[in-house]
Amino acid sequence: MDRAEKRITGKSAVKFLENNAITVLMMVSAIIVGLFRPNFFSQANFTNLAVNTAVRFIIALGVSGCLITKGTDLSAGRVVGLAACVAATLLQNPAYNDRFFPNLPSLNVFVVLIIVMLVCAVIGAVNGSVIAFFKVPPFIATLGMQTLVYGLCLVYTGAQPIGGLKSEYTAIANGKLFGIPVLFLIAFFSAIFMWILYNKTKHGKYMYAIGGNEHAAEVSGINTKKMKIRIYALAAVLYGLAGYLLAAKSGGASVNMGMGYELEAIAACTIGGVSTNGGVGRVSGILVGVLVFELLKILLQFVGVESSYTYVVQGIVIIVAVALDLRKYHIKK
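Positions within a chain are numbered from 1, following the residues in the order the chain's sequence is written. Given that the model is predicted, a residue must reach a pLDDT of at least 70 before its local features are reported, and side-chain atom pairs must reach 80 or more before they are shown or counted; all residues, however, enter totals for whole chains, interfaces and linings. The basis for every side-chain value is the complete set of heavy atoms in the structure, and neither hydrogens nor water enter the calculation.

### What to know about the packing of helix 7 (residues 167-174) against helix 11 (residues 224-250)
Reasoning step 1: Axes here refer to lines fitted to C-alpha atoms; in helices the fit is confined to the stretch in contact. Angles between the N-to-C directions go from 0 to 180 degrees. Helix and strand definitions here come from DSSP, where helices need a minimum of 4 consecutive H or I residues and strands a minimum of 2 consecutive E residues; each element is numbered from the N-terminal end. For the pair helix 7 and helix 11, the least separation of the axes is 7 Å and the interaxial angle reads 105°. Between helix 7 and helix 11, the crossing angle belongs to the class labelled roughly perpendicular. Residue-level inspection shows Tyr169, Thr170, Ile172, Ala173 and Asn174 of helix 7 in contact with helix 11, the latter providing Tyr244, Leu245, Ala247, Ala248 and Lys249. Reported orientations rely on four angle classes, namely roughly parallel under 35 degrees, roughly antiparallel over 145, roughly perpendicular from 65 to 115, and oblique for the rest. We call two residues contacting when some pair of their heavy atoms lies within 4.5 Å.

This is how it looks when you write it as structure tokens:
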């Protein structure tokens, strides 16, 4: 009996390590670095981790819906960049000499947020429509949109960096409420909204059904085309929110803002248990994935790895994360 229990425990441990290999490795690495770098476990470092995670977590929440339905969204980073540029051009200080729109009256920061989200929603709806009605593979459709959005951003801004943002705008991202960073609170409430959407509404039920078996979902009466448009539009709205916050956090914007964020988001989702084969994914897992990815960057900084090599390590993590996910999928089959 004891041997059987040990055998089961051993198998469970191996299975856990297989399913969470990257997460466990990062946690162990963090403990080791913390032992040799006492300031690693400082409040300042935890605050930095929380703030850096917030924007990327919002992007990953958007990408997750696409992945759960066996899709992807390679345009995410560029949509974030466009959102940042649009928000920055509309929220410059009236006293700033080099204003993008010299005669533009002062706009409310929340009005601009709505404008940015609507612009991004249109982009997401186009992505969803192309995928749903023209049966273009999500990889190709969103890759094309990635280039298109980047081109639009270049045309819109003239490839010029945008600065001189209003203090009430930058305060949204850099301020604190009851000692808690506002960025963290926005990410927290975004997570609650998405958790409710995924677990307590028909939207979530239909989304998982499409990811599990799209044909069966159609037969059961689910309008899969309409759902895909909704999913990609919602994803883009979240990119819009992320871009808006990113510009405020940075104090400016440029066309290259958000570049590559889509790959980080996909990797974070995969690490957090969102399967690239669809039908599986939880908000809590996405958070873990994003935290692991951001923790990796901080670890590399603390051990003195040159910033250029950071991209090499991140690329390896992305490949390993997807490879492990595919391995789990084939084992289940």
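So, next bit.
### Points about the confidence of the model for the protein chain
Reasoning step 1: Taken over all residues, the pLDDT of the protein chain has a mean of 91, while the share at 70 or more is 94%.
Reasoning step 2: The low-confidence segment residues 1-6, where pLDDT is below 50, has zero contacts with residues more than four positions distant or belonging to other chains. A score from 0 to 100, pLDDT tells how confident the predictor is in each residue.

### Looking at the nonpolar core
Reasoning step 1: Residues grouped as a nonpolar core are buried Ala, Val, Leu, Ile, Met, Phe, Trp, Tyr and Cys residues, joined through side-chain atoms within 4.5 Å. Summary of the burial criterion: residues with accessible area below 20% of their type's maximum are buried, those above 50% are exposed, and those between are partly exposed, where the area comes from a 1.4 Å probe applied to protein chains only. With 77 residues, the main nonpolar core has Ile59, Tyr169, Tyr239 and Tyr244 as its most contacted residues.
Reasoning step 2: By residue number, the principal contributor to this core is helix 11, which donates 14 residues.
Reasoning step 3: When residues no more than four places from it in sequence are discounted, the contact partners of Tyr244 are Ala83, Ala87, Leu91, Val109, Phe110, Val112, Leu113, Tyr169 and Ile172.
Reasoning step 4: Counting residues in hydrophobic clusters, the runner-up holds 18 residues, among them Met26, Ala30, Ile271 and Phe293.

### Some points on unusual backbone geometry
Residues other than glycine predominantly adopt negative phi, and peptide bonds predominantly adopt the trans conformation.
Reasoning step 1: Here the phi dihedral of Lys70 falls at roughly 65°; this positive angle occurs in a residue that is not glycine.
Reasoning step 2: With respect to the helices, strands and loops of the structure, Lys70 is situated in the loop between helix 3 (43-68) and helix 4 (76-90).
Reasoning step 3: Under the relative-accessibility criterion, Lys70 is labelled partly exposed at 46%.

### Observations regarding helix 13 (residues 283-302)
Reasoning step 1: The first and last C-alpha atoms of helix 13 sit 29 Å apart over 20 residues, in line with the 28 Å expected at 1.5 Å per residue.
Reasoning step 2: In terms of burial, helix 13 is largely enclosed, as 15 of its 20 residues are buried.
Reasoning step 3: One or two steps after helix 13, the chain reaches Gly304, where phi turns positive at roughly 80°. A helix is expected to span 1.5 Å for every residue after the first.

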